[in-house]
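So the chains spell out like this:
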Amino acid sequence: MAHGDAQAPVAEVTRAADVPRAADVARAADAAHAAEAARAAEEDRAVDQALALVAGQSSREPRFVAQAQPQVRASVQSPRQSAGETSGQSTEHGPGPSLGAGSSGGSPRQSSDRSCGHSDDRSPGHSPDRKPGNGTGHDSGRSSGQASARDRRGQATAWREARALAARAGRGAAPRTQRLSLDRALGHVLAEPLAALTDLPSFDTSAMDGWVVAGPGPWALGRSDGGSGELGILAGHSGPAPLPDGEGVRIATGARIPANATAVIRSEHAHMDEAKGLLYAQRHVVPGQDIRPRGQECRSGDQLLPAGTLVTPAVLGLSAAAGYDELVTVPRPRVDVLVLGDELLTAGLPHDGLIRDALGPMIGPWLRALGAEVSAPRRLGDDAEALQYALTTSDADLVITTGGTAAGPVDHVHPVLAKIGAGLLVDGVAVRPGHPMLLARLPSGGPYLVGLPGNPLAAVSGLLTLAEPLLRGLGGRAPEEPYRVVVRDEVHGHPHDTRLVPVVHRVGSAERAGSPAAGEAGAGAEHVVPLHYNGPAMLRGIAAADGLAVVPPGGVRSGTEVEILDLPWASATPWTEGCFT
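Rules of the game
- Residues numbered from 1 in each chain as written.
- Predicted model: local features only at pLDDT ≥ 70, side-chain atom pairs only at ≥ 80, totals over all residues.
- Heavy atoms only, no water.
- Helix = DSSP H or I, 4+ residues; strand = E, 2+ residues; numbered from the N terminus.
- Buried < 20%, exposed > 50% of the residue type's maximum accessible area, 1.4 Å probe, protein only.
- Contact = heavy atoms within 4.5 Å.
- Areas by Shrake-Rupley, 256 points an atom, 1.4 Å probe, with all protein chains shown as cover.
- Arc of directions from axis to C-beta.
- Pairing = 2+ DSSP bridges.
- Axes fitted to C-alpha atoms, helices over the stretch in contact; angles between N-to-C directions.
- Polar contact = N/O pair within 3.5 Å; in protein donor to acceptor, adjacent residues only side chain to side chain.
- Parallel < 35°, antiparallel > 145°, perpendicular 65-115°, else oblique.
- Left-handed = near helix turned anticlockwise from the far one by under 90°.
- Phe/Tyr/Trp six-rings, centres within 6.5 Å; stacked < 30°, edge-to-face > 60°.
- Lys NZ or Arg CZ within 6 Å of the ring centre and 35° of its normal.
- Salt bridge = Lys/Arg side-chain N within 4 Å of Asp/Glu carboxyl O.
- Nonpolar A, V, L, I, M, F, W, Y, C, P; charged D, E, K, R; others polar.

**Considering the overall build of the protein chain**
Then step 1. Summing up its helical and strand segments, the protein chain has 13 helices and 29 strands in all.
Then step 2. In the protein chain, which comprises 581 residues, the share counted as buried stands at 48%.
Then step 3. In the protein chain, the proportion of contacts linking residues at least 24 apart, taken out of those at least 6 apart, comes to 76%.
Then step 4. Total accessible area on the protein chain is roughly 26400 Å²; 52% of this is exposed by carbon and sulfur atoms.

Structure representation (structure tokens):
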């Protein structure tokens, strides 16, 4: 628990006293929805301004500020030390204490990029009432790099605005198409609408095995002249001769209906008197019954599916039926993954200050689940020259970096981007975990870059905040429609930033002992349950989750609806090539 045992009784009493009436909850929800709509409109305007700024940025007005490398005092724990040594604390109830009274009051990028253990990523230097110079460590005699880091902190983009900007950046990329045979198109996205090349069905066909008859019964038993003899009219044969009035002929499912036919009588609904050579119907015969008329499903030229549709097995079947051998699709976005950090091990147990790289094995499959084509991760360590070379020679659509987005002495992402003249679209997001994520566009029409924090759950936050909407746009996919679900427990929030909290969906009673809104969701209602181990350096919670709850500043009470971000495999099916392979 995030609160001490001595505080628990007081907290329980306070929550019980604060439980609102149903009418109050409804009014509060209406007001929250109205405020959210107004905020979304304002963020849309801000996104348009940001995109226009980057598009029109001149070389005389770079958005980057050159950084000197900060000097780290011996008394201040380095971000790498905190990453390797201070993880392992659960933060079920949200914002907890800082990493310690001795931690730096510098940039939030330092405290949240590679530090661990607290879900709000706060350090004492993040307090809104903190004044310059009243802390320890970097506040005294800070370098120009630290000053610029603090400037960037003040420019952190609102979470919804950052997602919207990434989505629009992806949709604004130059369109590309490719033709793929049906056996290669699975999991891709249609680049243009799928229009029928033929009527479906292309001729009148029998919907059942039975007898095709003409006129009223009983019917004389006729013979097909289609070469089938007593087998009757079979599928795949040329058109049969017209059927005379008063006759009936055996017919197979899918076979062409002869001219002048009235209906098809199913085999089980007919009786044949062989002695008299007559066919009798055991039920009333309705003209047109069990006949699929030409064009019943579609006419040639009808639009069957819009552009942006994911090619599923059913889409492949429909495409084949409609006459297609190939499909025009959007190429999967190509992504390079650059893993930064000298402290990372690729095998074995942590030792001597070294820790296992959790992001390298995770990022590639995650991006493939988002529909990307991903190269093998490249491990660059903390080498600024290697990073610069990797960025300037990449021919991918998107480059993902892990770690190095803070303002530490070996955090090279910002200085390298500034050196090569990249433009920043997002430089820090008001979200916890993951505050120091960034989105940039490399110069001369180069790839986009999403800089992920080094802490694992903070990196997941960056994937869902920036990489996922960007890749949807680059891959031609429509944005996901947001949806909201009741949360079972109270979830504490950050004072100013959005929180992303791992949750799992459940169906059933939301009642739980001690819940201030026990039973509000009702028996059988869908709800989500927040998971433990949701600190920025932790993966235990997200590994058991099927989504992330979007918690607004200040938190939410039990029984409140929250927006949910689905994890890409939550609804994945085994055939989906984009899931993990």
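Okay, back to it.
**Concerning helix H7 (residues 313–321)**
Then step 1. Residues Val315, Leu316 and Ser319 constitute the buried set of H7. The buried side chains of H7 occupy one side of the element, clustering within an arc of 100 degrees when seen end-on.
Then step 2. Gly323 occupies a position one or two residues after H7 and carries a positive phi of about 105 degrees.

**As for the sheet that holds strand S2 (residues 178–181)**
Then step 1. Reading across the sheet, the 3 strands line up as S2-S14-S3 and stay open at both edges, with antiparallel pairing between neighbours. At either margin of the open sheet sits one strand with a lone partner, and together these are S2 and strand S3 (189–190).
Then step 2. Direction of pairing for S2 relative to strand S14 (residues 326–330): antiparallel, over a ladder of 4 bridges. Considered in S14, the bridge of Leu180 is made with Leu327.

**What to know about the sheet that holds strand S7 (residues 219–221)**
Then step 1. If you walk across this open sheet you meet the 6 strands as S9-S6-S8-S7-S11-S10, and the pairing is mixed. Sheet topology places strand S9 (263–266) and strand S10 (270–273) at the edges, where each strand pairs with a single neighbour. In this sheet, neighbouring strand axes are inclined to one another by 35 degrees on average, regardless of whether the strands run parallel or antiparallel.
Then step 2. Where S7 meets strand S11 (residues 278–281), 2 bridges bridge the pair, whose relative direction is antiparallel. Of the residues in S11, the one forming a bridge with Trp219 is Leu279.

**Thoughts on the side chain of Asp357**
Then step 1. By the element assignment, Asp357 lies in the loop between strand S17 (355–356) and helix H8 (359–369).
Then step 2. What makes Asp357 buried here is its relative accessible area of 7%.
Then step 3. Side-chain polar atoms of Asp357 contact the backbone nitrogen of Leu359, separated by 3.1 Å.
Then step 4. Look past the residues within four positions of Asp357 in its chain and what remains in contact with it is Val339, Leu344, Leu345 and Arg379.

**Overview of the packing of H8 against helix H11 (residues 456–474)**
Then step 1. As a packed pair, H8 and H11 sit with axes 12 Å apart at the nearest point and diverge in direction by 25 degrees. It follows from the interaxial angle that H8 and H11 lie roughly parallel. Crossing handedness for the pair H8 and H11: right-handed. Residues Leu359, Met362, Ile363, Trp366 and Leu367 of H8 lie in contact with H11, whose contacting residues are Pro456, Ala459, Val460, Leu463, Leu464 and Leu471.

**Remarks on the packing of aromatic side chains**
Then step 1. Per the counting criterion, the structure on display carries 1 aromatic pair.
Then step 2. For the pair Trp366 and Trp569, a centre-to-centre distance of 4.6 Å together with 80 degrees between the ring planes defines the contact as edge-to-face. Of the two residues, Trp366 sits in helix H8 while Trp569 sits in the loop between strand S29 (561–566) and helix H13 (577–580), which places them 203 residues apart along the sequence.
Then step 3. Between Arg256 and the ring centre of Phe203, over which it is positioned, the NZ or CZ distance is 4.6 Å.
Then step 4. Directly above the aromatic system of Tyr448 lies the positively charged group of Arg441, at a separation of 4.3 Å from the ring centroid.

**Side note on the environment of Ala191**
Then step 1. In this structure, Ala191 sits in the loop between S3 and strand S4 (194–195).
Then step 2. What makes Ala191 partly exposed here is its relative accessible area of 25%.
Then step 3. Counting along the chain gives 13 residues from Ala191 to Gln178, while the straight-line C-alpha distance between them is 8.3 Å.
Then step 4. Dropping the residues within four chain positions of it, Ala191 is found in contact with Thr177, Ala307, Val328, Thr329 and Val330.

**Details of the pattern of salt bridges**
Then step 1. For the structure shown, the criterion picks out 13 salt bridges.
Then step 2. Note that Arg176 is salt-bridged to Asp397, the shortest N-O span being 3.1 Å. Here Arg176 is found in the loop between helix H6 (159–171) and S2, whereas its partner Asp397 is found in the loop between helix H9 (384–393) and strand S20 (398–402), with 221 residues between them in sequence.
Then step 3. Judged by relative accessible area, Arg176 falls into the partly exposed class, the value being 36%.
Then step 4. Between Asp357 and Arg379 there is a salt bridge whose closest N-O contact spans 2.2 Å. Of this pair, Asp357 sits in the loop between S17 and H8 while Arg379 is found in strand S19 (residues 378–381), placing the two residues 22 residues apart along the sequence.
Then step 5. You can call Arg379 partly exposed: its relative accessible area is 43%.
Then step 6. Because the salt bridges share partners, they merge into one network encompassing Arg163, Glu468, Arg472 and Glu480.

**So, the packing of H6 against H11**
When two helices pack together, their arrangement is given by the angle between the helix axes and the distance between those axes.
Then step 1. Following both chains from N to C, one finds H6 and H11 inclined at 25 degrees, their axes separated by 7 Å at the closest point. With respect to their mutual orientation, H6 and H11 come out roughly parallel. At the point where H6 passes H11, the crossing takes the right-handed sense. Every residue of H11 that contacts H6 at Trp159, Ala162, Arg163, Ala166, Ala167, Ala169, Gly170 and Arg171 is listed here: Leu464, Thr465, Leu466, Glu468, Pro469, Leu470, Gly473 and Leu474.
Then step 2. Looking at side-chain class alone, the contact of H6 with H11 contains 10 nonpolar, 3 polar and 3 charged residues.

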